[in-house]
Amino acid sequence: MAKKIKRSKATFVTVEGLEGCGKSSVIKFLENFCKKKKLKVQVYHEPGSTKIGEEIRKILLYKKGMKLSFHTELLLYLAARTQLIEERLKKDSSEFDIIICDRFYDSTLVYQGYALGLGKIVKKSVDIFSLGIKPDLTLFLDVAVEVGLKRLKIPDRIESRPLSFHKKLRTGFLKLAKAEPERIKIIDASGSLSDIYSQVKEVLAQEKILPKG
Ligand code: Z5A
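Just so it is clear, the structure is predicted and the values come from calculations on it, not from any experiment. (Residues numbered from 1 in each chain as written. Predicted model: local features only at pLDDT ≥ 70, side-chain atom pairs only at ≥ 80, totals over all residues. Heavy atoms only, no water.)

**Describing the site of the ligand**
Now for step 1: Neighbouring residues of the ligand: 26 residues in total, closest E19, G22, S24, R103 and T108.
Now for step 2: Separating a nitrogen atom of the ligand from a side-chain N or O atom of E19 is a distance of 2.7 Å.
Now for step 3: Within the side chain of R103, an N or O atom sits 2.6 Å from an oxygen atom of the ligand.
Now for step 4: In isolation the ligand has 1,000 Å² of accessible area, and contact with the protein removes 83% of it.
Now for step 5: Counting residues per element, the ones that place at least two in the shell around the ligand are α1 (23-36), α2 (51-62), α3 (70-92), α4 (105-115) and α8 (193-206). (Near = heavy atom within 4 Å. Polar contact = N/O pair within 3.5 Å; in protein donor to acceptor, adjacent residues only side chain to side chain. Areas by Shrake-Rupley, 256 points an atom, 1.4 Å probe, with all protein chains shown as cover. Helix = DSSP H or I, 4+ residues; strand = E, 2+ residues; numbered from the N terminus.)

**Some details on the pairing of strand β3 (residues 98-102)**
Now for step 1: Judged by how many residues are buried, β3 sits mostly within the fold: five of five residues are covered.
Now for step 2: Of the two faces of β3, the one carrying I98, I100 and D102 and the one carrying I99 and C101 are both buried.
Now for step 3: Taken together, the five bridges between strand β1 (residues 11-17) and β3 define a ladder with parallel strand orientation. When the sheet's bridge partners are listed, T14 is paired in β3 with C101.
Now for step 4: Here five bridges tie strand β2 (residues 41-45) to β3, and the two strands are oriented parallel to one another. Bridging across to β3, Y44 finds its partner in C101. (Buried < 20%, exposed > 50% of the residue type's maximum accessible area, 1.4 Å probe, protein only. Pairing = 2+ DSSP bridges.)

**Things to note about the packing of aromatic side chains**
Now for step 1: Per the stated rule, a full pass over the model turns up seven aromatic pairs.
Now for step 2: Plain terms: the ring middles of F12 and F104 are 5.0 Å apart, the flat faces sit at 85° to each other, and that makes the pair edge-to-face. Placement of F12 in strand β1 and of F104 in the loop between β3 and α4 is noted, with a sequence separation of 92 residues between them. The pair formed by F12 and F104 is uniform in burial state, with each residue classed as buried.
Now for step 3: Residues Y111 and F173 carry aromatic rings whose centres are separated by 6.4 Å and whose planes lie at 75° to one another, so their mutual orientation is edge-to-face. Taken as a pair, Y111 in helix α4 and F173 in helix α7 (residues 163-179) lie far apart in primary sequence, 62 residues in all.
Now for step 4: Ring pairing ties together the aromatic residues Y111, F140, F165 and F173, which thus form one cluster.
Now for step 5: Positioned above the aromatic ring of F96 is the side chain of K40, whose terminal nitrogen or guanidinium carbon lies 5.7 Å from the ring centre.
Now for step 6: Over the aromatic face of F104 sits the side chain of R81, whose NZ or CZ is 5.3 Å from the ring centroid. (Phe/Tyr/Trp six-rings, centres within 6.5 Å; stacked < 30°, edge-to-face > 60°. Lys NZ or Arg CZ within 6 Å of the ring centre and 35° of its normal.)

**Topic: the sheet that holds β2**
Now for step 1: Strand order across the open sheet formed by five strands is β2-β3-β1-β4-β5, with parallel pairing between neighbours. Edge strands, defined here as strands with exactly one partner in the open sheet, are β2 and β5 (184-188). Geometrically, the sheet is characterised by an average inter-axis angle of 20° between neighbouring strands, direction not taken into account.
Now for step 2: Note that strand β4 (residues 137-142) and β5 share five bridges and pair parallel. Looking at β5, one finds that D142 is bridged to D188. (Axes fitted to C-alpha atoms, helices over the stretch in contact; angles between N-to-C directions.)

**Thoughts on the packing of α3 against helix α5 (residues 120-129)**
Now for step 1: Close contact between α3 and α5 brings their axes to 10 Å; oriented N to C, the two are set at 15°. Taken together, the axes of α3 and α5 are roughly parallel relative to one another. Seen along the crossing, α3 lies across α5 with a hand that is right-handed. Contact residues: H71, L74, L78, R81, T82 and I85 in α3; I121, V122, S125, V126 and F129 in α5.
Now for step 2: Taken together, the residues of the contact of α3 with α5 sort by class into seven nonpolar, three polar and one charged. (Parallel < 35°, antiparallel > 145°, perpendicular 65-115°, else oblique. Left-handed = near helix turned anticlockwise from the far one by under 90°. Contact = heavy atoms within 4.5 Å. Nonpolar A, V, L, I, M, F, W, Y, C, P; charged D, E, K, R; others polar.)

**Points about the nonpolar core**
It is characteristic of soluble globular proteins that their nonpolar side chains tend to be buried jointly.
Now for step 1: If you look at the biggest cluster of nonpolar residues, it comprises 31 residues, and the most contacted ones within it are F12, L89, I99, F104 and L169.
Now for step 2: Of all the secondary structure elements, the ones that give two or more residues to this core are α3, β3, α4, α5 and α7.
Now for step 3: Contact partners of I99, with chain neighbours within four places excluded, come to A10, T11, F12, V13, Q42, Y44, L89, D92 and S93.
Now for step 4: The next biggest cluster of nonpolar side chains, apart from the first, holds 26 residues, and it includes L30, V41, L141 and I187. (Core = buried A, V, L, I, M, F, W, Y, C linked by side-chain atoms within 4.5 Å.)

**Section: α7**
Now for step 1: In this model, α7 (17 residues) spans 25 Å end to end at C-alpha, consistent with the 24 Å of a helix rising 1.5 Å per residue.
Now for step 2: For α7, the complete set of buried residues consists of F165, H166, L169, G172, F173, L176 and A177. Burial along α7 is one-sided: seen end-on, the buried residues are contained in an arc of 135°. The exposed residues of α7 that point more than 90 degrees off its buried face are S164, K178 and A179.
Now for step 3: Of the surrounding elements, those touching the buried residues of α7 are β1, α4, β4, α6 (145-151) and β5. (Expected span 1.5 Å × (residues − 1). Arc of directions from axis to C-beta.)

Below, the structure is given as structure tokens:
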């Protein structure tokens, strides 16, 4: 879909992927690239990016010895997201050219809906609690599970789940990308970071979100 590079409303780009896919590095690269091009850029991550969201993040990712039920996990991800949308995203949309978010609702659809098997309730609640916000573009950094996991240094609670879970995640993301090819672009994240950056730049130029070069 053709988009103008300068918009009255920020272009909302989300970055998704499996563990060790290079999300953090790609986001840093994009942020610097936007700044070099004198574009106003804002970066968020999920869950988190607000005070409340960061507290929720601690429960989700780092509290040892607490057994979260799958439904509680879902509700906490949604709660962190609505806080981010209402506190930041809605306001920031008129102040920035590009807003980049490290994960957004596709992660909920895939992790809670597909891999944890919560299914339709996830789709419905994601629709409701995204409060009308939809990414303009989503980059899915696709890498084989084994390759991604090998790149990690310290696995956290979720990263310690079995290989079959991670494989399900990849299938889930690829299904979403197939269902929404206009929005979700697959980036081959198996090569070097510089190769990944080139692909990302190419997609953003094609979508007229960032200038070429
Ligand atoms: N989650 C969920 O279940 N439901 C939801 O709705 C949402 C999230 C929003 C967030 O954790 C967790 O929440 C996430 C999904 C779940 N679960 N997991 N796992 P997080 O924010 O702590 O973690 P993350 O989102 O997975 O990102 P991360 O830890 O920041 O990792 P990353 O962005 O994937 O890191 P990375 O850039 O891939 O780097 C990992 C290492 O690999 C690093 O040392 C890099 O230098 C190296 N790397 C990456 N790419 C390459 C290449 N191409 N070559 C060589 N080395 C590389």
